[in-house]
Amino acid sequence: MPGLQAPSDYSNEPPRHPSLKINSKEPFNAEPHRSGLISAYVTPVDLFYKRNHGPIPVVYDIERYHLSVTGLINIQREFSMRDIRDLPKYTVTATLQCAGNRRTAMSKTRKVRGVGWGIAALGNAVWGGAKLADVLELVGVSKLASTTSRGGKHVEFVSVDRCKEENGGPYKASIPLSQATNPEFDVLLAYEMNGETLNRDHGYPLRVVVPGVIGARSVKWLDSINVIAEESQGFFTQKDYKMFPPTVNWENINWSTRRPQMDFPVQSAICSLEDSNVLKDGKVTVKGYAVSGGGRGIERVDISVDGGKTWIEASRYQKPGVPYVADGINSDKWAWVLFEAQVEVQHSAEIVAKAVDIAANVQPENVETIWNLRGILNTSWHRVDVRVGHSSM
Ligand code: MTE
């Protein structure tokens, strides 16, 4: 791996913001506090959640770094960072969300395995880089191709980090070729985040960003791209990040029966309130985020102050201060919306948020219906308790 090295231990980790809530130290997994998460439409890099499976790689010589593109293609080629930067540059505002977002709440129903995440394992960034479709064209794979002449149907991204799940080997994952070659899916090889050079935690020098898809497919510290016939055989595509029904447990699980999860479903959460709140008066501002996968934007967000019996509609804004325009053209189709509602609470209340996407998909009411042993994709209605007065809850 020229120019890019994977440390074998955690002695050379980058500096991190002290306010992050650390869910695991080694590997480093952390999320911002919920109230900070929604203070900006574009999440500042140092407050963006960090999800790692091993020590953070180091670039020791950027001049020697190159990305190799190999596999079932007619032209095998290596790209330097200069080659990638010479390609047309695109900026895409996209929300990256870990499939494990809100896992801790799922464990309250029945224990699940995995890093315990609160409600902030996601962030919205402006990613800058080359389109994967342009890179693939340079190795002889035409735009919109769903198979190559040599039988390639999937695109595998391979990193350099050492993950215990891969027995010390690198993190890898794949997406379908048809998604990689379609410029409308905006799959990027990103070297910038929010207008700055990507930092080490988020994949310097080059990472994949697959908008609208669970974060696991957006491979960081990219070393090679392989065009292959089947999905990646790596752990994170075959034995993780799959959605199982509530009946499946660790005794009867058969990983090969399920597809690797790609798009994430419609999601929302209230960030201006904690799980339990004691407030001085009954006027409550409810603010949060809503996002859907697959480029399906958010149609509306409903708020209830009686546990879901009656609802009011929240106002949404793409960017704080800029009202949502219902013109059918959503220029930020990969990005979250922030919502806000003013509500009145008498004594105590369960405040609930549920989002609806443009395909009219709605979040499920209860976590029990979507419980799965790995605790992924907890998109159940988000509920918080509020009590007015000084008594403790
Ligand atoms: N890429 C590598 N090389 N190693 C990793 O551990 N984690 C994945 C993905 N890409 C991971 C990776 C997961 S599960 C998620 S959710 C996102 O990166 C998190 O990206 P972030 O840390 O930039 O927020």
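Residues numbered from 1 in each chain as written. Predicted model: local features only at pLDDT ≥ 70, side-chain atom pairs only at ≥ 80, totals over all residues. Heavy atoms only, no water.

The protein goes by Sulfite oxidase in an unreviewed UniProt entry, where it is assigned to Spinacia oleracea.

## Here's the deal with the overall build of the protein
Stated precisely, the cut-off is as follows: Helix and strand definitions follow DSSP, with helices as H or I runs of at least four residues and strands as E runs of at least two, each counted in order from the N terminus. The size measure is the radius of gyration over C-alpha atoms, and the globule rule it meets is 2.2 Å times the number of residues to the 0.38 power. Whether two residues are in contact is decided by their heavy atoms, any of which lying within 4.5 Å being enough. Here the accessible surface of atoms and residues is derived via Shrake-Rupley with a 1.4 Å probe, and residues count as covered only by protein chains that are part of the display. Counting rule applied: Lys, Arg positive; Asp, Glu negative; His and chain ends not counted. Each charge is placed at NZ for Lys, CZ for Arg, CG for Asp and CD for Glu.
Each helix and strand counted, the protein has 6 helices and 25 strands in total. Relative to the 2.2 N^0.38 estimate, which gives 21 Å for 393 residues, the radius of gyration of the protein is 21 Å and therefore close to what a compact globule would have. Over its C-alpha atoms, taken along the principal directions, the protein stretches across nearly 70 × 50 × 40 Å. Across the protein, contacts joining residues at least 24 apart in sequence account for 72% of those joining residues at least 6 apart. Taken as a whole, the protein presents about 16600 Å² of accessible surface, with 49% of it coming from carbon and sulfur. A distance of 3 Å separates the average location of the 45 positive side-chain charges in the protein from that of its 43 negative side-chain charges.

## Observations regarding the packing of aromatic side chains
As a reminder of what qualifies: Whether two aromatic rings pair depends on their centres lying within 6.5 Å, for rings of Phe, Tyr and Trp, where Trp uses its six-membered ring; planes under 30 degrees apart make the pair stacked, over 60 edge-to-face, and the rest tilted. Here, a charge over a ring is recorded when the distance from Lys NZ or Arg CZ to the ring centre is within 6 Å and its angle to the ring normal is within 35 degrees.
Considering all chains together, one arrives at 10 aromatic pairs under this definition. Their ring planes at 35° and their centres at 6.4 Å tell us that Phe236 and Tyr241 sit as a pair that is tilted. Taken together, the aromatic side chains of Phe48, Tyr49, Trp117 and Trp127 make up a single cluster linked through ring pairs. One Lys or Arg, Arg110, reaches over the ring of Trp371 and ends 3.8 Å from the middle of that ring.

## Focus: the domain arrangement of the protein
The line we're drawing: In this entry, domain limits derive from an automatic or database-based domain assignment. Computed with a 1.4 Å rolling probe, the buried area is the accessible surface lost when two parts are put together, summed over both parts. One side-chain nitrogen of Lys or Arg within 4 Å of one carboxyl oxygen of Asp or Glu is enough to make a salt bridge. Polar contact criterion, stated in full: a pair of N or O atoms within 3.5 Å, where within protein one must be able to donate a hydrogen and the other to accept it, and residues adjacent in sequence count only if both atoms are side-chain atoms.
As far as domains go, the protein holds domain 1 (4–257) and domain 2 (267–388). Distance from the C-alpha centre of domain 1 to the C-alpha centre of domain 2: 27 Å. Counting from both sides, the interface comprises 48 residues of domain 1 and, opposite them, 42 residues of domain 2. A per-residue breakdown of the area domain 1 buries against domain 2 is headed by Arg34, Tyr41 and Arg102, which together make up 23% of the total. For the interface between domain 1 and domain 2, the tally reads 3 salt bridges. Measuring nitrogen to oxygen at the nearest pair gives 3.9 Å for the salt bridge that ties Arg34 to Glu274. The interface formed by domain 1 and domain 2 includes 20 residue pairs in polar contact (both at pLDDT 80 or more). When residues of the side of domain 1 that touches domain 2 are traced back to their parent elements, those giving at least two are helix 1 (34–37), strand 8 (90–97), helix 3 (103–107) and strand 9 (122–131).

## Quick look at the site of the ligand
Selection rule: Each residue is tested against the molecule or strand, and it is near if at least one of its non-hydrogen atoms lies within 4 Å. Amino acid classes used here: Ala, Val, Leu, Ile, Met, Phe, Trp, Tyr, Cys and Pro are nonpolar; Asp, Glu, Lys and Arg are charged; the rest, including Gly, are polar.
Taken together, 20 residues are adjacent to the ligand, and His53, Asp161, His202, Arg207 and Lys220 come closest. Within the side chain of His53, an N or O atom sits 2.7 Å from an oxygen atom of the ligand. Taking Ser218, its main chain carries an N or O atom lying 3.0 Å from a nitrogen atom of the ligand. Here the ligand has 530 Å² of accessible area as a free molecule, and 100% of this is covered by the chains. Its residues assigned to classes, the shell around the ligand comprises 9 nonpolar, 6 polar and 5 charged.

## Overview of the environment of Leu222
In this fold, Leu222 is placed in the loop between strand 14 (207–209) and strand 15 (224–228). Counting along the chain gives 155 residues from Leu222 to Leu67, while the straight-line C-alpha distance between them is 7.0 Å. Setting aside its immediate chain neighbours within four residues, Leu222 contacts Leu4, Tyr65, Leu67, Phe157, Val158, Leu189, Leu206 and Val208.

## Some points on the nonpolar core
What tends to happen in soluble globular proteins is that the nonpolar side chains get buried as a cluster. For clarity, the cut-off: In this text, buried Ala, Val, Leu, Ile, Met, Phe, Trp, Tyr and Cys residues form a nonpolar core when linked through side-chain atoms within 4.5 Å. We call a residue buried when its accessible area falls under 20% of the maximum for its residue type, exposed when it is over 50%, and partly exposed in between, using a 1.4 Å probe and counting protein chains only.
Grouped together as the largest cluster of nonpolar side chains are 62 residues, with contacts concentrated most on Leu67, Leu132, Leu189 and Tyr289. Here this core takes 3 residues from helix 4 (residues 132–138), the largest share from any one element. Counting residues domain by domain, this core receives three or more from each of domain 1 (4–257) and domain 2 (267–388). The residues touching Leu67, leaving out its near neighbours within four places in the chain, are Arg77, Glu78, Phe79, Ile84, Leu189, Leu206, Leu222, Asp223, Ser224 and Ile225.

## Some remarks on the sheet that holds strand 3 (residues 29–31)
Through backbone hydrogen bonds, the strands of a sheet pair up, either in parallel or in antiparallel fashion. This is how the line gets drawn: Here, strands pair whenever DSSP counts at least two bridges between them.
Read from one edge to the other, the open sheet built from 3 strands follows the order 2-3-4, with strand pairing classed as antiparallel. At either end of the open sheet lies a strand with only one pairing partner, and these are strand 2 (21–24) and strand 4 (50–51). The pairing of strand 3 with strand 4 spans 2 bridges and is classified as antiparallel. In the sheet register, Ala30 faces strand 4, and the bridge partner there is Lys50.

## Concerning the pairing of strand 25 (residues 382–388)
Examined bridge by bridge, strand 17 (residues 276–279) and strand 25 share 4 bridges and lie parallel to one another. Bridging from a neighbouring strand, Asn277 pairs with Val386 of strand 25. Bridging between strand 24 (residues 348–357) and strand 25 involves 6 bridges; their strand directions are antiparallel. Considered in strand 25, the bridge of Ala353 is made with His382.

## A closer look at the pattern of salt bridges
Considering all chains together, one arrives at 18 salt bridges under this definition. Between Arg34 and Asp275 there is a salt bridge, and its shortest N-O distance comes to 2.8 Å. A residue pair is termed long-range when its members are at least 10 positions apart, and Arg34 in helix 1 and Asp275 in the loop between strand 16 (267–270) and strand 17 qualify at 241 residues. For Arg296, the salt bridge identified is with Asp263, shortest N-O distance 3.5 Å. With Arg296 in the loop between strand 18 (283–291) and strand 19 (298–304) and Asp263 in the loop between helix 6 (235–238) and strand 16, this residue pair connects regions lying 33 residues apart in the sequence. On the accessibility criterion, Arg296 (24% relative accessible area) is partly exposed. Each of Glu13, Arg16 and Asp201 takes part in salt bridges that share partners, so that together they form one network.

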